[in-house]
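Observations on chain architecture
Each chain, written out:
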Amino acid sequence: MDERVALSLPVLIIGIIGVLFAGWLARNVFSRDRGTSAMQDVGDRIYEGAIAYLRRQYGTIARLAIVVAVIIGLLVGFFEGNVTRGVITSLSFLVGAFLSALAGWIGMYVAVRSNVRTASAARRSLGEALTVALRGGAVSGFLVVSLGLLGVLIVFWVVSNFVPNTPEFPAVAETAFWIVGLAFGASFVALFAQLGGGIYTKAADVGADLVGKVEAGIPEDDPRNPAVIADLVGDNVGDCAGRGADIFESSIAEMIGAMVLGAALFHASGGNPNGREVGFLFFPLLVPALGLVASLIGMLTVRPTDRIGDPMDELNKGFYVTATLSAILIVVASFVILPYGKLQYAICGLVGIVTSLVFVYITQYYTSGKYRPVKSIMTASETGPATNIITGISVGFETTGMPAITIGAALLAAFFIGNSVVFPAAPPFAGSAGIFGTAIATMGMLMSAAYILAMDTFGPITDNAGGVVEMSNQPESVRDVTDALDSAGNTTKALTKGYAVGTAALAAFLLFSAFLQEVARFGGSRVQADVVNLANPIVFVGGLLGAMLVYVFASLAMRAVSRAAGDMIEEVRRQFRADPGIMAGSSRPNYEKCVDISVRASLREMVLPGVLAVAVPILVGLILGWEAAAGMLMIGTITGVLLANVLNNGGGAWDNAKKMIEAGALKDAAGNVLGKGSAPHAASVVGDTVGDPWKDTAGPSLHVLIKLLATITLVLAPLFVR
């Protein structure tokens, strides 16, 4: 059998199995009881709001994507003088955009159908409710990875028929350079999905909290709050559709980037398109495919009994199984598939897996109520909102330390281990062996992506389940079950953000390396692409603009939340004033009006930061050249990774400090509980409200911005070479 076919078949089969497994999970969830008629009514309202928003959002994204696809195709075709490559880049962009949107849509559809079933299961046992929520979330996780694998594999094989052999590479290796538009398309949709969803959810959440909890003194998810349905819808459009698109584009970008880097080692190994050298081209597809198998087994090991303690113990069990199997499989795959560097690249993969575990622990330390950072914010709440906010910001800044050290250690270890591999010929680009080691570390980190995303989507499902229980007036014992799941869900959402920013950092480095290779290919002897001199004013200015873009983008995202939340606050206040029967419980609030405010605000506000994110790297590269684009990419990535950690973990710490106070964990000197309704609780709500756009809008959107910068510069690298 042809070596290329032999390596492609396992990816194809595993990708199909992943899709079928997601279908089985969805069927298993949909077959379960939907609860009382009151539960079903609330669940249907959430579903209708979520789907209506997705239709309008994806309609807007589709129009923008078509325009960008045409522009990118024309630019590539004109500057490279190759119409075929321009058309393929444009079509690949649209395929990546479509698959990203499809993964987000289906995952969110299942999530909003799972919440009411989770709420119903909570009437019977914590274990059953956990099973329903996790399996509902896993649909998104397995679809995202499976569609990514199948998309890259199928596009690769289709495009390879149109790719000519070049002096450097035969068509099988050259194809990887032609399909980078696929990653750009996925990044484009992910940016708008995450940004728009984040604006939507936080506009509703901030409005609901400030007027409902602080001003009116009513509980969270109280049916008297007009913004409550918009808030529950927002949990899904931000954390399901948005995060699904985020992880999808991570997997696509990293697979293609690693294939581009693998082309250099294919050449150094002998360059025989029918030999074992092609292992370097297909290994980046096989590793995530094997990770999908490990995640599937890890998911099936989570079978909680009716009586369980901490839900996180069950979720962690599945993650540890996934990580362990991933470690075994990547070592076996390295020794079976790679012709050179079997041991070295196996170790690089293990470095990536260990890095994912370290990021999980770091994020848990800074966002869990068990540890010092969150406890310090709780204590600061006793003296008011100002000290709560000051302490929360300090915690956010502190969180940059350990992640930066972890990323640095992982990159250095993987690079130097990979660089020790000896090939029959020198790679065409300096340091290619070491850079491929960092790519394998990134792929190792991504092996658990399906299970990690399942845990992330578990969060909004359980959050919604709590809202369904509250709004349908279920007994307190049922709310206790959903509260336990919601607490675990808050932790899993925070862990996923830490994981996402870690993969973004490693992915950005490998894509940056791929960008330099593209520059070297097209610039030839005119450029020295293996050196980017920061003392060069052009490079320095490019880096300055990259850092500026990160901060301005984050500012626009948070300002969008502020404006949209202001509209929401005024509407909730207006309804309370106009109809006193709402607070008395005799009148039904106008939920639809609040949903409409969030929809219109998110679609309006996501355009400017999104266009800025696309336009700035293109303009920098066209006006200042490839060196400025390289500086922008380097410094923008570093700044973005650090700021994303500040926003994600700082916001998560504020959120959990509030929840710990609500759970009665804060006491005064006399031992009295300072819980809901107390002054420290009010201070913690203010801090949580500040943290909401940090952790759910600006922070997650920066993950995507980092990778968008990398993919767009990779696609347009030939345009930037003078």
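Here, every reference points to the structure presented above.
Below is a short write-up of the structure. (Residues numbered from 1 in each chain as written. Predicted model: local features only at pLDDT ≥ 70, side-chain atom pairs only at ≥ 80, totals over all residues. Heavy atoms only, no water.)

1. A word on the overall build of the protein
- If you tally the helices and strands in the protein, you get 23 helices and 0 strands.
- Rg of the C-alpha trace for the protein: 25 Å, near the compact-globule value of 27 Å for 722 residues, within the 12% margin.
- When its C-alpha atoms are laid out on the principal axes, the protein stretches across 80 × 50 × 45 Å.
- Of all 722 residues assigned to the protein, the portion counted as buried reaches 66%.
- Here the analysis covers contacts within the protein between residues at least 6 apart in sequence; of these, 85% occur between residues at least 24 apart. (Helix = DSSP H or I, 4+ residues; strand = E, 2+ residues; numbered from the N terminus. Rg over C-alpha atoms; globule rule 2.2 N^0.38 Å. Buried < 20%, exposed > 50% of the residue type's maximum accessible area, 1.4 Å probe, protein only. Contact = heavy atoms within 4.5 Å.)

2. So, the pattern of salt bridges
- In total, this model carries 26 salt bridges according to the counting rule given.
- For the salt bridge of glutamate 605 with arginine 563, the shortest nitrogen-to-oxygen distance reads 2.7 Å. Here glutamate 605 is found in helix 19 (residues 591–605), whereas its partner arginine 563 is found in helix 17 (residues 537–578), with 42 residues between them in sequence.
- Residue arginine 563 is classed as partly exposed on the basis of its relative accessible area of 40%.
- Close ionic contact of arginine 573 with glutamate 570 constitutes a salt bridge, the shortest N to O distance being 3.4 Å. (Salt bridge = Lys/Arg side-chain N within 4 Å of Asp/Glu carboxyl O.)

3. A closer look at the packing of helix 1 (residues 3–30) against helix 3 (residues 83–121)
- It is at 10 Å that the axes of helix 1 and helix 3 come closest, and there the two elements cross at 30°. By the criterion of interaxial angle, the relationship of helix 1 to helix 3 is roughly parallel. The handedness of the crossing between helix 1 and helix 3 is left-handed. Seen from helix 1, the contacting residues are Ala26, Val29 and Phe30; seen from helix 3, they are Tyr109, Val110, Arg113, Ser114 and Arg117.
- Here the contact of helix 1 with helix 3 is built from residues that sort into 5 nonpolar, 1 polar and 2 charged. (Axes fitted to C-alpha atoms, helices over the stretch in contact; angles between N-to-C directions. Parallel < 35°, antiparallel > 145°, perpendicular 65-115°, else oblique. Left-handed = near helix turned anticlockwise from the far one by under 90°. Nonpolar A, V, L, I, M, F, W, Y, C, P; charged D, E, K, R; others polar.)

4. Considering the nonpolar core
- The biggest cluster of nonpolar side chains holds 249 residues, and the ones touching the most others in it are Phe142, Val152, Leu315, Tyr345, Phe515 and Leu716.
- Take this core: its biggest share by element is 24 residues, from helix 7 (residues 228–268).
- Ignoring any residue separated from it by four or fewer positions in sequence, one finds tyrosine 345 in contact with Leu265, Phe280, Ser334, Leu338, Tyr340, Gly418, Val421, Phe423, Ala433, Phe436, Gly437 and Ile440. (Core = buried A, V, L, I, M, F, W, Y, C linked by side-chain atoms within 4.5 Å.)

5. Notes on the layout of surface pockets
- There is about 810 Å³ of room inside the largest pocket.
- If you trace the largest pocket, you find 30 residues lining it, with Asp483, Ala484, Ser487, Lys659 and Ala663 closest to the centre.
- At the level of secondary structure, the elements contributing two or more residues to the lining of the largest pocket comprise helix 9 (311–337), helix 15 (449–471), helix 16 (476–523) and helix 21 (626–662).
- Ranked by residue count, the leading element in the lining of the largest pocket is helix 16, at 8 residues.
- The residue makeup of the lining of the largest pocket, split by class, is 9 nonpolar, 9 polar and 12 charged. (1 Å grid on protein atoms, 1.4 Å probe; cavity = no way out; pocket = protein on both sides within 12 Å on 5 of 7 lines; lining within 4 Å. Points joined across faces, edges and corners; volume = space filled by probe spheres on them.)

6. With respect to the environment of alanine 327
- Summarising the element assignment, alanine 327 is placed in helix 9.
- When near neighbours in sequence (up to four residues on either side) are disregarded, alanine 327 contacts Leu350 and Ile353.

7. A closer look at helix 4 (residues 126–160)
- Taking 1.5 Å of rise per residue, the 35 residues of helix 4 would be expected to cover 51 Å, and the 51 Å separating its terminal C-alpha atoms lies within 8% of that figure.
- The buried fraction of helix 4 is high, at 31 of 35 residues.
- The backbone nitrogen of glutamate 128 has a side-chain oxygen 3.1 Å away, supplied by the residue at the start of helix 4, namely serine 125. (Expected span 1.5 Å × (residues − 1). Polar contact = N/O pair within 3.5 Å; in protein donor to acceptor, adjacent residues only side chain to side chain.)

8. Here's the deal with empty space enclosed by the protein
- According to the stated counting rule, one finds 6 cavities of 30 Å³ or more in the structure shown.
- In this structure, the largest cavity occupies an estimated 190 Å³ of space.
- Every residue lining the largest cavity is counted, 20 residues in all, and those nearest its centre are Lys202, Asp205, Asp235, Asp463 and Lys493.
- Counting only elements with at least two residues in the lining of the largest cavity, the list comes to helix 6 (180–215), helix 7, helix 16, helix 21 and helix 22 (679–715).

9. Some words on the environment of alanine 346
- In this structure, alanine 346 sits in helix 10 (residues 342–367).
- Between the C-alpha atom of alanine 346 and that of valine 331, which follows or precedes it by 15 residues, the distance is 4.8 Å.
- Residues contacting alanine 346, with those up to four places away along its chain left out, are Val331, Ser334, Phe335 and Gly341.

10. Quick word on the packing of aromatic side chains
- For the coordinates displayed, the defined rule picks out 21 aromatic pairs.
- Ring centres of phenylalanine 21 and tryptophan 24 lie 5.9 Å apart, and the angle between their planes is 20°; this geometry places the pair in the stacked category. Highlighted residues: phenylalanine 21 and tryptophan 24, both in helix 1, separated by 3 residues, approximately one helical turn.
- Given the relative accessible area of 10%, phenylalanine 21 is considered buried.
- Between tyrosine 47 and tyrosine 109 the ring centres are 5.8 Å apart and the planes differ by 75°, which places this aromatic pair in the edge-to-face class. With tyrosine 47 in helix 2 (residues 37–80) and tyrosine 109 in helix 3, this pair connects stretches of sequence that are 62 residues apart.
- Here tyrosine 47 falls in the buried class, since its relative accessible area comes to 19%.
- Judged by its relative accessible area of 30%, tyrosine 109 falls in the partly exposed class.
- The structure contains a cluster of three or more aromatic residues connected by ring pairs, namely Phe280, Tyr340, Tyr345, Phe423 and Phe436.
- Directly above the aromatic system of tyrosine 47 lies the positively charged group of arginine 113, at a separation of 3.7 Å from the ring centroid. (Phe/Tyr/Trp six-rings, centres within 6.5 Å; stacked < 30°, edge-to-face > 60°. Lys NZ or Arg CZ within 6 Å of the ring centre and 35° of its normal.)

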